[in-house]
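Residues per chain, in single letters:
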Amino acid sequence: MTAIRAAQAITPSTSLGELITGNKRFVYGKPHYGHNVTQAAATAGGQQPHAVVLGCIDSRVPLEAVFDQPFGAICVARSGAHVLDRSMIGSVEFAVSSLGVSLALVVGHKRCGAVTATVDAVRSGDRPGGDVGYLVGEIAPAADGVDLADPAAADHVIRAHVERTVARLRETPDLAAAIAAGTVDVVGAIYDLDTGWVEFLDRS
């Protein structure tokens, strides 16, 4: 893995602004981009993405559409409830070091099935086995301190899980160095399935 570039092509705040503006176009029904083969062909020779977006596998959350981004603008990495493993972290580090992205955005979403299953498993004490059990085990720490009797418990766990994922990425040595240099940022967000809005979480 090559060293993280000292100077990114686009700043983290500009990249975040692109995604916020794109989400507004998406919500207001005025997208600039769509799945058009001519756009795909135009970027076939190379790519200059400005962000890597980590999301859930949920089919209702197509991240390129949610942020109204064209071909070649964002890298997308997905797993159940954006659970981090070595391949996901390596993908983010590759996007930063080799593709020059300046923003890693972690997107959770309302009514996440993987989080709901985790809350149910923690409540009952009956956790699934196998690789689904791995997902539940990775999400479960976000339930610590959450009142699982609260009807909104899953919403609280979704938010906590996004925050934990952001924190874990920010602590990886290569990303931490780039964040300290101001060339990269890691931000969390939550997508609302009903409205299409993305809430960007406080980075303070």
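The rules behind each value
Residues numbered from 1 in each chain as written. Predicted model: local features only at pLDDT ≥ 70, side-chain atom pairs only at ≥ 80, totals over all residues. Heavy atoms only, no water. Helix = DSSP H or I, 4+ residues; strand = E, 2+ residues; numbered from the N terminus. Expected span 1.5 Å × (residues − 1). Buried < 20%, exposed > 50% of the residue type's maximum accessible area, 1.4 Å probe, protein only. pLDDT = per-residue confidence, 0-100. Contact = heavy atoms within 4.5 Å. Pairing = 2+ DSSP bridges. Axes fitted to C-alpha atoms, helices over the stretch in contact; angles between N-to-C directions.

Draft legend 1. A look at helix 4 (residues 86-97). For helix 4, built from 12 residues, the straight-helix expectation of 16 Å at 1.5 Å per residue is met to within 8% by its first-to-last C-alpha distance of 16 Å. The set of residues buried in helix 4 consists of Met88, Ile89, Val92, Glu93, Ala95, Val96 and Ser97.

Draft legend 2. Here's a closer look at the confidence of the model for the protein. For the protein, per-residue confidence averages 92 on the pLDDT scale, and residues scoring 70 or more make up 94% of the total. Counting interchain partners and residues more than four positions distant, the pLDDT-below-50 stretch residues 1-7 has 18 contacts.

Draft legend 3. Region of the structure containing the environment of arginine 164. Relative to the elements of secondary structure, arginine 164 occurs in helix 7 (residues 153-171). With 125 residues separating them along the chain, arginine 164 and glutamine 39 place their C-alpha atoms 36 Å apart. Dropping the residues within four chain positions of it, arginine 164 is found in contact with Glu138, Pro141 and Ala142.

Draft legend 4. Structural context of the sheet that holds strand 5 (residues 198-200). A sheet is described by the order of its strands in space; here 5 strands give the open sequence 2-1-3-4-5, paired in mixed fashion. Each edge of the open sheet is held by one strand with a lone partner, namely strand 2 (74-78) and strand 5. With strand direction ignored, the average angle separating the axes of adjacent strands in the sheet is 25°. With 4 bridges joining them, strand 1 (residues 51-55) and strand 3 (residues 103-109) adopt parallel strand pairing.

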